[in-house]
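# Examining the three-dimensional arrangement
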Amino acid sequence: MRFAPNPNGPGTLGSARGMVVNSEYVKMYRGKFILRFDDTDPDIKRPMLEAYEWYLDDFRWLGVTPDQVVYASDHFPLYYDYARKLIEMGKAYVCFCKGEDFKELKDAKKACLHRGVSPEENLRHWEAMLAGEYEDQQAVLRIRTDIDHKDPALRDWAAFRIRKLSHPRPEIGNKYIVWPLLDFAGAIEDHELGMTHIIRGKDLMDSEKRQGYVYKYFGWKYPRTTHWGRVKIHEFGKFSTSGLRKAIEAGEYSGWDDPGLPTIRAIRRRGIQAEALKKFMIEMGVGTTDVSISMESLYAENRKIVDPIANRYFFVWNPVELEIADFEPTVAKLPLHPTDHARGIREVAVGNKVLVCRDDIEKLEVGSTLRLKDLCNIEITSLSSLQAKKSSTSLEDLKKMRGKIIHWAPVDGIPVRVRGPDSDIEGIGENGILVELDKIVQFERFGFCRIDSVDREKVVAYFTHK
RNA sequence: GCUCCGAUAGUGUAGCUCGGCCAAUCAUUCAGGACUCUCACUCCUGCGACUGGGGUUCAAAUCCCCAUCGGAGCACCA
């Protein structure tokens, strides 16, 4: 099987489906898995040099090693070779019609005058195409099918076009001006690579029938195919690489790995685990129906994986200072994990002032009792300047009074910026977060985050999910 | 306009190939409860679906036809 992206941008969640499902089938049936870069459009979906590496990187992250990595752009000689054969066989012809003219004829089931030209003459035209004697748009090579086929999508489709542009890969550069189109390149590639099974998007359902002509002419056996529908994610809606590019260029996002984007790079940065993504994709299956799924399902998978490994920390958003009268400075000892005690504790030095979330104290009144988690119970004595007095340290007392338990942070904690899919949140966290670079942590009563960067003044975390 | 494909709970999915074991699987969401010094995790309980109509058959989610709805292709993109 194969996964054949055009590296015109990084992999998205849609690509991830292709990576995961194909590779899982290969694993299941001990087949061969090929990553093929379908990079033969220098124009509309022009490849991005970095994206090749990004795909390889995403595969490494998924723990998948393709058996073979191939570049369609390395195979021009092969394509030209087969094209020549087809011309000689009278199964392909150079067409000089303007696009709209051909469409009109095709829709009327009428052949254009170039269709009747002899193979010898076509061969001359083909050589002239390759030699650069025609300009862009002037000529294409068409595969001869049935011009009166009842399905207009199958009538004499184009296999090559002229585009005098360079290819982003330096090893290709300006070498070629005649570019193979998807159905032709794909047909040749799949055969040459010995493909037995193909999964592709249902937008390519006609490819099998179109390519079927080429396979028939050469006497090849067509691989078994299946199709899947489009993935729509509630949180992102429909998305396309070109659409994302536009939004990034417009400054709506900070880059391809912005937490608001449905790219693999973005969800990696946010701390989604490869295993969770795999399960999510496998669960989606391979139906032809379009799926409209919520990230919640992915988060649920991820939460189960991440919960046992994430250390807990306090992070206070919208911080407000709270003074506790008669509080003896101490070093609080808090568990790094609520159930896995072997992980040890975190120590936080506290004086008579702490930071708490504004949301937590908003509905309080003087006299309310609440508990600073793992520290002590307090009774609010003033709201104008937030003050309290320590009432007890016993958890039982708090339970009797049905008080709330809230989290807190030391006044000399580290500023934390949490980058989320929709917005960023600033606050103060425990200094212990500084040692968690690149790890997934849980900010208690807030959610899971991946610590993206740390320095003495600031921590940047990427929000994973609640 | 022509052609092709699909339809199972809020969402995703199993079952459809070879009709009976399907009073329909699993997951997630949601509601309730237990546990818990987090609104996390875990556990328990509950709600919830075969698009509609015909036909074939002893028997239809499964086969056939029609309708409805949805998607895709008819590019010198992939």
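Provided above is the structure to which this section pertains.
Rules of the game
Residues numbered from 1 in each chain as written. Chains lettered and ligands numbered in written order. Predicted model: local features only at pLDDT ≥ 70, side-chain atom pairs only at ≥ 80, totals over all residues. Heavy atoms only, no water. Helix = DSSP H or I, 4+ residues; strand = E, 2+ residues; numbered from the N terminus. Rg over C-alpha atoms; globule rule 2.2 N^0.38 Å. Buried < 20%, exposed > 50% of the residue type's maximum accessible area, 1.4 Å probe, protein only. Contact = heavy atoms within 4.5 Å. Areas by Shrake-Rupley, 256 points an atom, 1.4 Å probe, with all protein chains shown as cover. Axes fitted to C-alpha atoms, helices over the stretch in contact; angles between N-to-C directions. Parallel < 35°, antiparallel > 145°, perpendicular 65-115°, else oblique. Left-handed = near helix turned anticlockwise from the far one by under 90°. Nonpolar A, V, L, I, M, F, W, Y, C, P; charged D, E, K, R; others polar. Polar contact = N/O pair within 3.5 Å; in protein donor to acceptor, adjacent residues only side chain to side chain. Core = buried A, V, L, I, M, F, W, Y, C linked by side-chain atoms within 4.5 Å. 1 Å grid on protein atoms, 1.4 Å probe; cavity = no way out; pocket = protein on both sides within 12 Å on 5 of 7 lines; lining within 4 Å. Points joined across faces, edges and corners; volume = space filled by probe spheres on them. Domains from an automatic or database assignment. Phe/Tyr/Trp six-rings, centres within 6.5 Å; stacked < 30°, edge-to-face > 60°.

This next bit is on the overall build of chain A. Helix and strand content of chain A: 13 helices and 27 strands. By the compact-globule yardstick of 23 Å for 466 residues, chain A is too spread out, its C-alpha radius of gyration being 31 Å. C-alpha atoms of chain A, sized along the principal axes, occupy 100 × 45 × 40 Å. The buried share among the 466 residues of chain A stands at 52%. Taking the contacts inside chain A whose residues are at least 6 apart along the sequence as the reference set, 67% of them involve residues at least 24 apart. Summed over all atoms, the accessible surface of chain A reaches about 21,800 Å², with 49% contributed by carbon and sulfur.

At a closest axis distance of 11 Å, the pairing of helix H1 (residues 13-29) and helix H2 (residues 49-62) adopts a crossing angle of 55°. In terms of orientation, H1 and H2 fall into the oblique class. Remark: the crossing between H1 and H2 carries right-handed chirality. Across the interface between the two elements, Ser15, Met19 and Val20 of H1 pack against Tyr55, Asp58, Phe59 and Leu62 of H2. Among the residues making up the contact of H1 with H2, the classes are represented as five nonpolar, one polar and one charged.

Once that is clear, we can look at the side chain of Thr464. Along the chain, Thr464 falls in strand S27 (residues 459-465). Thr464 sits in the buried class, given a relative accessible area of 0%. A polar side-chain atom of Thr464 sits 2.5 Å from the main-chain carbonyl oxygen of Arg270. Discounting residues that sit within four places of it in the chain, Thr464 has contacts with Arg270, Gly271, Ile272, Tyr299, Asn302, Phe448, Cys449 and Arg450.

Grouped together as the largest cluster of nonpolar side chains are 45 residues, with contacts concentrated most on Leu13, Ile233, Leu277, Met281 and Met295. Residues Ala72, Ala139, Ile143 and Ile177 belong to the second largest nonpolar core, which totals 38 residues.

On to the layout of surface pockets, then. For the largest pocket, the calculated volume is near 1,700 Å³. Taken together, 48 residues form the lining of the largest pocket, with Ala4, Asn6, Lys45, Asp203 and Leu204 sitting closest to its centre. Elements represented by at least two residues in the lining of the largest pocket include exactly strand S1 (2-3), H1, helix H6 (182-192), strand S8 (197-201), helix H7 (205-218) and helix H8 (241-249). Counting residues per element, the lining of the largest pocket draws most heavily on H1, which supplies five residues. Two domains each put at least three residues into the lining of the largest pocket: domain 1 (2-73 + 229-301) and domain 2 (75-227).

The relative placement of two aromatic rings is captured by the distance of their centres and the angle of their planes. Within this structure, the stated rule accounts for 31 aromatic pairs. Summarising the aromatic geometry, the rings of Tyr80 and Trp126 are spaced 5.9 Å apart at their centres and angled 80° between planes, so their arrangement reads as edge-to-face. Residue Tyr80 is found in helix H3 (residues 76-88), and its partner Trp126 is found in helix H5 (residues 119-130); the two are separated by 46 residues along the sequence. Note on accessibility: Tyr80 and Trp126 belong to one class, buried. Both rings, one in Tyr80 and one in Phe160, keep their centres 6.0 Å apart while their planes meet at 50°; by these two values the pair is tilted. Separated by 80 residues along the polypeptide, Tyr80 in helix H3 and Phe160 in strand S6 (residues 158-162) bring together distant segments of the chain.

Keep in mind these values describe shape, not function.
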